[in-house]
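Remarks on the overall topology
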Amino acid sequence: MADPTGLDLLDRTLRTLGMTCLETGAELPPLTAVALRPGGTVDLHLAAPAAPLTPFAAASPDGSVWRCHADEAELIAPEQARDVPAPYPALVTLGRTIDGAHVLVDLEQVRQLHLDGTREEVAAVSRALAAELAASPLADRMRLLAVGGPGPAGADEAFGNDRMSRCDSTDQAVAELIAHRTAMEGSLTGCQVPHPRAARSQGVATDVWAPTLLCTDRELTGSQFSQLTWALSGAEHRCVAAVTPATAGPGLRVDARPGHHQSPGGLPFAVELQRLTADEYTAALSLLATSLLPADEPPPDWTGHDPEAAPDPDDPFVIPVLATRSRATGGGAPASATSVPLLDPDLPGGARPRSGLVPALSTGLRAHRAADAEIRRQRQHPGEPPPHAEPPLTGPPPLGEDGWPLAPAPRVLLLGPVRLIGATGFAEPALTSQLTALAALLAAHPDPDPRLVDAVIHPVPYAAQRPAAVGRRAQQVRTAALSRLRDWMGAAPGGAPYLDPAARRLHPAVTCDWTDFQDLYRHGMNARGPAEDAALRRALDLVRGGPFDGSHQLYPWAEPYRQDMVSAIIDTSHELAKRRLAVGDLTGCETALHSGLAAVPEAEILHRGLIRLYATSGLRDHVAATITRLAQVNDALGCLGYEPETLELFSSISGQGPGRTAHQRRHRYRHRRG
C-alpha cells in the first residue's frame, strides 16, 4: 500500500490535472499505470501518447510518459482540490518495485485485474486492495462490492456503507455490477457525452460517474464469467471493474506470489504485490472502529474527571439562546463583543475543586505556575530582581514551534504537524520522517512493544496491527532505527543519552506538548478560578492544528491517541468558553472557541458556542457567517445532516435551519462531556 502521505500528494497532483482539463477543455488521458516514486515524483504511463498537461511534463520522447515533481510543481491548494472532482477514482496500489516506487493501476481502464496464485495468495492480495480502495483519498465516491475474504463481517461498517457493500454471493455482486453499467449507459445518453472520462474532463454531472468495483477471492463459474465479461466490455469503461482470481478473459494478469514479478500485461515494472493476512485485515478493521466508539464512553483516567458526575446544568451552549442573552448582558441591550476586557488573573476568587484529585505537576506545568508567580511578584515589586536571581538575560527566552519556551532538551510536538525540535545530534535528511515518527511513538507510548516499532519503521497503515517480525534480521532493523534516533536526539548535559540504550524509553528531560496539555487540562478542568482558567488558555496555546495533522494516516498506531487529543481539545475549548462567558468576557469566550475550531473544525458543539455568542451580542452577520462555515465543513466531510442540538439552535434563532434535517451523518464527532 502506498504511503498515505504520498497518496494525498498524488491526489492533489491528479486533481490539478483535472482542473487543467476543466479550464482548457482538454481530455483526461487514459492511464496504463502510475508510479509514485520516493521524494514525491509522479509518473503517468499513458495508454496512448499525448501532449502533457499541467502540472506534468513529458518524460519520454513520444509523450507516453508524463512526469511531475510535486515539490517543484505549482499544485492547486488543498482547499481548492476538494472542489475538483476526482479524475481517476479507481486507482489502486498494486505494490512496490525493487527501487521503492509504488505502482498504481486504474481499475476502470484495466477492467479486470486477474490475480494468479494459490487461494491464500489471491485472498491476501484481494484483502489489501479492498482495504486501500475502501479508504482511498483518490475517490470522492465509490461502491466496492466485497465477496469472500475482502468482505468479512464488520468491514462495511468499518469503512462505511457508502464505500463498501458486503455481498453474500458472487452472483449478487455481478448482478449489481451489470445494473450499474446499465445505469451509466443511460446517464451517458442523457448527458450527451461519449464516455465517463469525457464527462469527468468537462465537469458534466460529476456526482454520477462513481465507480462500482467487484473484489473477490472466489473462483468464478462459467455463467459468472460470461456476465462479468459483458459488464466490462467496450472500447471505453462504464465505471465498472473487477478484481478476481485469474480467468481466461481480457484484463491485466499479475502474479500474486510473494516476491517481485514482471507483469505479462505490459507494465514496465517488476512489482511485488501488497497483501494482508486475515489476522492483519481483522486488526485493521478493529483500528478503524476506534472512531465509532459510543458517545457515552467514559473519559480516560488521566483527565481526573468523575465518570459518574452529571453534566453541567448551566452550560450556556445548551440552554435557550434568550436565557444566554439575559445572562451575558444583564437583560439589557446586547453587549459588544469587544467591550469586556480579559479577567485579570490577580482578581480575588478562590478555586472551587470539583474533586480531590489534583495529579502531580509535570516540568511544563511547574514552569507555567512559576511563570505566573513571577508575573505576580513583578507587579507587586516592580524593578526588584527575583531572589537568588541569575544575571538578567538580554531578551526573552526563545520559543519553540508551539509557543513554549525552548528547553535545553529535545521536545516532541504532536498537537499539530508532528515535529521533533531541540535535537542536538545528526540525522540523514532522508530518514528524519521515520525518526520523527519513532520519537512520536516513544513520547505517546513509552517502551512500546516490537509490533508498534515495526509499524513505524514500515508505515503500512493497514498492517499496523500485524504480529511483530521475528528473527535476527528484524531485531537488527529495530535496533538500527532506535540507534539512529538516539544519535539524532543527542545527550543530556550529564552525558546520558536522551534515548535510553537499554529500553525504548525517552529521558525524563525530553518533553512533549501532549503531556503538558494533559497536565494543564487536569489543573484547569478539575477546579475553578483565575489560575485554572489561565491553565486552560495555556493548554489551548499549545495546539498548532489538528493532532498529527497532515501525517496521522502515516501513524496507524496513533489513532486512539489522536481521538483522545481531539476530545480533550474540544473539552478544553468548550469549558473555557463557558467560563469566560459566565463572567462576561465575550472576547475570551470567542477566542477559546476559535482555538478549538482551528484544530477540530468539525466540532459542532464549538460552532454552536460561536453562534450563541454572536446571537447574544446582536452580531447577525457573524451568526450567518458561522452557520455558513459549519455547512461548508459538513459538506467537505460528506455529512448528511446536523446534530439535533444544532438543529434546535437554528430553530431557536431563526425558526428554520439551513435545509437539512437528518440527524445522522457519516462522520460525527461525539463529544464526551455532553
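What counts, and where the lines are drawn
- Residues numbered from 1 in each chain as written.
- Predicted model: local features only at pLDDT ≥ 70, side-chain atom pairs only at ≥ 80, totals over all residues.
- Heavy atoms only, no water.
- Pairing = 2+ DSSP bridges.
- Helix = DSSP H or I, 4+ residues; strand = E, 2+ residues; numbered from the N terminus.
- Contact = heavy atoms within 4.5 Å.
- Axes fitted to C-alpha atoms, helices over the stretch in contact; angles between N-to-C directions.
- Core = buried A, V, L, I, M, F, W, Y, C linked by side-chain atoms within 4.5 Å.
- Buried < 20%, exposed > 50% of the residue type's maximum accessible area, 1.4 Å probe, protein only.
- Arc of directions from axis to C-beta.
- Parallel < 35°, antiparallel > 145°, perpendicular 65-115°, else oblique.
- Left-handed = near helix turned anticlockwise from the far one by under 90°.
- Nonpolar A, V, L, I, M, F, W, Y, C, P; charged D, E, K, R; others polar.
- pLDDT = per-residue confidence, 0-100.
- Phe/Tyr/Trp six-rings, centres within 6.5 Å; stacked < 30°, edge-to-face > 60°.
- Polar contact = N/O pair within 3.5 Å; in protein donor to acceptor, adjacent residues only side chain to side chain.
- Expected span 1.5 Å × (residues − 1).

Below, the discussion takes up the sheet that holds strand β1 (residues 31-37). With antiparallel pairing, 8 strands are arranged side by side in an open sheet as β3-β4-β2-β1-β6-β5-β14-β13. If you trace the sheet from one side to the other, it starts and ends with β3 (57-58) and β13 (261-262), each paired once. Bridge analysis of strand β5 (residues 91-97) against strand β6 (residues 102-106) gives 5 bridges, and the strand direction is antiparallel. Paired with L91 across the bridge in β6 is D106. The strands touched by helix α4 (residues 119-135) are β5, β6 and β14 (270-273); relative to β5, the strand with the most contacts, the crossing angle is about 130°.

Bringing the nonpolar core into the picture now. L414, L485, F517 and W557 are the most contacted members of the largest nonpolar core, which totals 76 residues. Counting residues per element, this core draws most heavily on helix α12 (residues 432-444), at 9 residues. Here W557 is in contact with A437, A440, L441, A444, L452, V456 and F548, once residues within four sequence places are set aside. Residues L115, L129, A155 and A256 belong to the second largest nonpolar core, which totals 41 residues.

With that out of the way, let us pick up helix α8 (residues 222-231). The set of residues buried in α8 consists of Q224, L228 and A231. Each buried residue of α8 sits inside an arc of 55° when the element is viewed along its axis, so together they form one side. Here the buried face of α8 lies against β7 (112-116), α6 (170-191), β10 (212-216) and β11 (240-245).

Now for the packing of α12 against helix α13 (residues 450-457). For the pair α12 and α13, interaxial distance at closest approach is 9 Å and the crossing angle is 150°. As far as their axial angle goes, α13 and α12 are roughly antiparallel. Note that α12 runs across α13; the crossing there is right-handed. Judged by residue contacts, Q434, A437, L438 and L441 of α12 engage L452, V453, V456 and I457 from α13. Residues that form the contact of α12 with α13 fall into these classes: 7 nonpolar, 1 polar and no charged.

With that settled, the discussion passes to the confidence of the model for the protein chain. Residues of the protein chain with pLDDT of at least 70 account for 74%, and the chain-wide mean is 78. Scored below 50 in pLDDT, residues 318-372 shows 93 contacts in the model against residues more than four places distant or in partner chains. In the model, residues 656-674 has pLDDT below 50 throughout and makes 65 contacts with residues more than four positions away in sequence or in other chains.

If you walk through the whole model with that rule in mind, you get 4 aromatic pairs. Here the aromatic rings of W514 and F517 are separated by 5.7 Å at their centres, their planes lie at 25°, and the arrangement is stacked. Of the two residues, W514 and F517 are both situated in helix α15 (residues 513-525); the distance of 3 residues between them amounts to about one turn of the helix. Residue W514 shares its accessibility class with F517, and that shared class is buried. Among the aromatic residues, those joined into a cluster by ring pairs are W514, F517 and Y521.

Inspection of the secondary structure assignment puts S201 in helix α7 (residues 196-202). The exposure class assigned to S201 is buried, which follows from its relative accessible area of 2%. Within the structure, S201 has its side chain in polar contact with the backbone nitrogen of L28 (distance 2.8 Å). One polar contact links the side chain of S201 to the main-chain carbonyl oxygen of R197, over a distance of 2.7 Å. Contacts of S201, omitting those with residues within four sequence positions, involve C21, L22, A26, E27 and L28.

The next thing to look at is the side chain of E280. On the secondary structure map, E280 appears in helix α9 (residues 278-288). Here the side chain of E280 touches T277 through a polar contact of 3.0 Å, landing on its backbone nitrogen.

Within the open sheet, the 6 strands sit side by side as β9-β8-β10-β11-β7-β12. Their pairing is parallel. Of all strands in the sheet, those bounded by a partner on one side alone are β9 (164-166) and β12 (252-255). On average, each strand axis in the sheet is tilted by 20° relative to the strand beside it, whichever way the strands run. Alignment of strand β8 (residues 143-147) against β9, held across 3 bridges, turns out to be parallel. Each bridged residue has a counterpart across the sheet, and for A146 the counterpart in β9 is R166.

We now examine α6. The end-to-end C-alpha distance of α6, which contains 22 residues, comes to 31 Å, matching closely the 32 Å that a straight helix rising 1.5 Å per residue would cover. Of all the positions in α6, only T170, A173, V174, E176, L177, H180, R181, M184 and L188 are classed as buried. Considered in projection along α6, the buried side chains sweep an arc of 160° and stay on one side of the axis. Exposed residues pointing more than 90 degrees away from the buried face of α6 are listed as T189 and G190. Check the buried side of α6 and you find it contacts β8, α7, β10, α8 and β11. The positive-phi residue at the C-terminal boundary of α6 is Q192, with phi of around 60°.

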